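# Structure at a glance
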Number of protein chains: 2
Amino acid sequence: MKRKSVTSRDVARLAGVSQSAVSRSFSPTAKVSEKTRKKVMEAARELGYRPNTIARSLITRSSRTIAVVTYSLENPFYSFVLEKASRFFQEQGYHLLLFFAPPGRDFDAVIDDIIKSQVEGVLMLAITIDSSQAKAVADFDIPVVIINRTVNHAGISQVGSDNYRGGYWAASHLATLGLSRIAFLAGLVDSSTSGQRQEGFFDGLEEHGLTCHAMDVGNYRYDDACFATRRLFSAHVVPDGIFAANDLMAIAAMEIIRHEFNLSVPDDVSVIGFDDMPMAAWPSHSLTTLRQPVDEMIMKATELLLAQIHGSQTEPQYIKLPVAPMVRRSTRRPARRSPPGPVA
Amino acid sequence: MKRKSVTSRDVARLAGVSQSAVSRSFSPTAKVSEKTRKKVMEAARELGYRPNTIARSLITRSSRTIAVVTYSLENPFYSFVLEKASRFFQEQGYHLLLFFAPPGRDFDAVIDDIIKSQVEGVLMLAITIDSSQAKAVADFDIPVVIINRTVNHAGISQVGSDNYRGGYWAASHLATLGLSRIAFLAGLVDSSTSGQRQEGFFDGLEEHGLTCHAMDVGNYRYDDACFATRRLFSAHVVPDGIFAANDLMAIAAMEIIRHEFNLSVPDDVSVIGFDDMPMAAWPSHSLTTLRQPVDEMIMKATELLLAQIHGSQTEPQYIKLPVAPMVRRSTRRPARRSPPGPVA
DNA sequence: ATGAAAGCGCTAACAA
DNA sequence: TTGTTAGCGCTTTCAT
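These numbers were taken from a predicted model, which means no experiment stands behind them. Per-chain numbering applies: the sequence of each chain, read as written, is numbered from 1 onward. Starting at A for chains and at 1 for ligands, labels are handed out in the order in which the entities are written. The model is predicted, so local features are restricted to residues of pLDDT at least 70 and side-chain atom pairs to those at 80 or more, both for listing and for counting; the totals for chains, interfaces and linings are taken over all residues. Excluded from the side-chain calculation are hydrogens and water; included are all heavy atoms of the structure.

Time to look at the protein's contact with DNA strand C. Being near a molecule or strand, for a residue, means having at least one of its heavy atoms within 4 Å of it. Not every one of the 27 residues close to DNA strand C is listed here, only the nearest: Ser8 and Ser23 of chain A together with Thr36, Ile59 and Arg61 of chain B. When atoms of DNA strand C within 4 Å of the protein are sorted by moiety, sugar and phosphate together comprise 60%. In protein, a polar contact requires one atom able to donate a hydrogen and another able to accept it; more generally it is a pair of N or O atoms within 3.5 Å, and residues adjacent in sequence count only if both atoms are side-chain atoms. Between a phosphate oxygen of DNA strand C and a main-chain N or O atom of Asn52 of chain A, the distance comes to 3.0 Å. Between Arg24 of chain B and DNA strand C, the recorded distance is 2.6 Å, taken from a side-chain N or O atom to a base nitrogen. Listed by contribution, the elements that provide at least two residues to the surface near DNA strand C are α2 (19-25) and α4 (53-60) of chain A together with α2 (19-25) and α4 (53-60) of chain B. For the surface near DNA strand C, the per-class residue count stands at nine nonpolar, 12 polar and six charged. For the purposes of this entry, the term helix denotes a DSSP run of H or I that reaches at least four residues, the term strand denotes a run of E that reaches at least two, and both are numbered from the N terminus. In the scheme used here, Gly and all other residues not listed as nonpolar or charged are polar, with Ala, Val, Leu, Ile, Met, Phe, Trp, Tyr, Cys and Pro taken as nonpolar and Asp, Glu, Lys and Arg as charged.

Structure, rendered in structure tokens:
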């Protein structure tokens, strides 16, 4: 049945019905007699007919397509989010258009591309956009939900977790361990997440009468985090605690600390990450980290986007979910306190 | 300029030109006077006009869209491939439609979906399809390239690496190390890759007068590989060498061997993987593995798909690239041979 | 170089 | 229930 393009007209002709009868037969809600539908389906099968989704989209002005935008999949946290969210939308009958943010900051072209492609919604994964870009999309009435990044321009729904409190907890935990040379390994410098985690971290240190001993930037990437760690540990006085703005960088730091500087984690250096990606729990790493409720984030984000598409939710939402500390073996045991019994 | 839908007619009216002039102005190849184009662009900007890609696709019958199909992104190897290939197509001006294979074997619905969406090509990542499914797509003259899986039905281009020789090398290497209880950790049982690696592995063992000591299945997944490893090491006689059909499973095996059975890799057990994903080189794992030339695979696959789309390459290609052994520290040093000098 | 007109393949009124 | 008709927004002849 190899034919270049079988249209509903061809099917109609073969089935001896009108072209609109064919259209109706392929619409689940339309009312067609069983007899007609059967004839149509038979003819369709014989010709190998498939309704042309593009033509349908043009007239219904609904593409049933959602754009997902991400900047990289190096971090397994985001490939996980991508897969989960995609499967969700796929189950809901949506198609997924995937966009990668280009290396530079030239994001406008992608925004333009997204608008032209007539998607019904946009899901952004950790994409930092500025307010003019946000406005460009909003002006086209395309619902947008952004995961794990906040943008100052209102009008865009955001789902994230409590980065500030996460950073604060990290500082408190390291301080309570009795450490004093605590360093921060930052993510992408212009990302809201890294900024908020840092802020909470600094405030937490201050609360314990400490200041940040050193700081470097790993751009949320493995390689960059390795370089940053080498710099931190080439200093005259090396850190005894590190808070990295995500797990990937935390693991990179541990690799370097252990295998290049021959120091022990956690005996010489305690390390804390952020995300709790699956790998963080692998025994080799056993990384103490802040768990982002990723399933809940995905659920909220996808449902929110769908609600906005269906018009049942017009106000943008700003959802901040709590993070949960996962204490594992990359941080040392707390300093000995007075025992519970009578003092010795 | 928030308007629900600005069409080329609206722009034409404002610019005082015909609708076709607008269309031409947005087509790089069309011949329009500079004056007209300027007027049009001005009006377009003022109204916030964006050409409707869907309408364009309908008439040009070219969607400039490619479908990428994958079954999971748990394995970083595939998120890497996905990202690289996507960026390539994006740079070539194509859109990417992302499909995940459903959990069960019900792949027909996805195939149907892909055909209906009028994509110009399909890139399958490690997707096992049967010949009827392959035929369904081929009948619609949609070019397909499969990465890392072979399908028996001809007519579909395939890009992979030499799984058989990889398996053979793994067996030889372990045998040369003087090991004798060598086990195989299989991937997805119905995948061609796992089968071919196993075949080469078994033949390699036989060549050295060995047989496979034990075998289990890890489905290419981390968790399943952990379970499989536990079973292998709960046996009366435990393996002293393992060849896993991919890196992810090999690393899982090492985690279990080291941290649950307190054995040493490589002193007690040597482990070999397949893929050489970036993580394999991390010092903690330092996994001996077979490197798949992933960049080359992506390049070949994307170029091949493009060539088929443009009609310059009609015959399906079957490309098998060589793999390269990467010897790291998860396999022990070779057994001492007679020294190069005079025998002691 | 420009405008008028004819569709691309489909859905959705409207009649019958 | 069915067929007829009118577009969806665009590209592309064909005259001018």
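Ring pairs are drawn from Phe, Tyr and Trp, using the six-membered ring of Trp, whenever the two centres fall within 6.5 Å, and their geometry is named by plane angle: stacked under 30 degrees, edge-to-face over 60, tilted for the rest. Applying the stated criterion to the full structure yields 27 aromatic pairs over all chains. Taking 6.3 Å as the distance between ring centres and 80° as the angle between the ring planes, the aromatic pair formed by Phe89 of chain A and Tyr94 of chain A counts as edge-to-face. Under the scheme applied here, a residue whose accessible area is under 20% of the maximum for its type counts as buried, over 50% as exposed, and between as partly exposed, the area being computed with a 1.4 Å probe on protein chains only. Given the relative accessible area of 0%, Phe89 of chain A is considered buried. Ring-pair connections join several aromatic residues into one group, and the members of that group are Phe184, Phe201, Phe202, Phe243 and Phe274 of chain B. Across from the ring centre of Tyr94 of chain B, 4.4 Å away, lies the NZ or CZ of Arg64 of chain B, which sits over that ring. Counted as over-ring charges are cases with an Arg CZ or a Lys NZ within 6 Å of the ring centre that also lie within 35 degrees of the ring normal.

Moving on, we get to the protein's contact with DNA strand D. Around DNA strand D lies a shell of 27 residues, among which Lys31, Thr36, Ile59 and Arg61 of chain A together with Ser23 of chain B are the nearest. At the protein interface, 56% of the atoms of DNA strand D within 4 Å belong to sugar or phosphate. At a separation of 3.3 Å, a base oxygen of DNA strand D approaches a polar side-chain atom of Ser20 of chain A. Between Asn52 of chain B and DNA strand D, the recorded distance is 3.0 Å, taken from a backbone N or O atom to a phosphate oxygen. Elements represented by at least two residues in the surface near DNA strand D include exactly α2 and α4 of chain A together with α2 and α4 of chain B. The residue inventory of the surface near DNA strand D, partitioned by class, reads nine nonpolar, 12 polar and six charged.

The feature "domain: HTH lacI-type" (unreviewed entry), as given by UniProt, occupies residues 6-60 of chain A in the numbering adopted here. Measuring from the first to the last C-alpha atom of residues 6-60 of chain A gives 21 Å, for a span that is 67% helix and 0% strand. UniProt positions are given in the numbering used here, feature names are shortened, and annotations may be inferred rather than shown by experiment.

Further remarks concern the interface of chain B and chain A. Note on contacts: a residue pair qualifies if any of its non-hydrogen atoms lie within 4.5 Å across the two residues. With 53 residues of chain B at the interface, the matching set in chain A holds 53 residues. When two parts are put together, the accessible area they lose, computed with a 1.4 Å probe and summed over both, is reported as buried area. Interface area lost by chain B to chain A is led by Arg50, Ile54 and Trp282 of chain B, which between them contribute 14%. Any Lys or Arg side-chain nitrogen found within 4 Å of a carboxyl oxygen on Asp or Glu counts as a salt bridge. For the pair chain B and chain A, the interface holds two salt bridges. When the shortest N-O distance is used, the salt bridge between Arg50 of chain B and Asp112 of chain A registers 2.4 Å. Viewed at the interface, chain A and chain B are joined by 18 residue pairs in polar contact (both at pLDDT 80 or more). Sorting the residues of the side of chain B that touches chain A by element identifies α4, α5 (76-91), β2 (95-100), α6 (108-116) and α11 (247-259) of chain B as the ones contributing at least two each. Grouping the constituent residues of the side of chain B that touches chain A by class yields 25 nonpolar, 15 polar and 13 charged.

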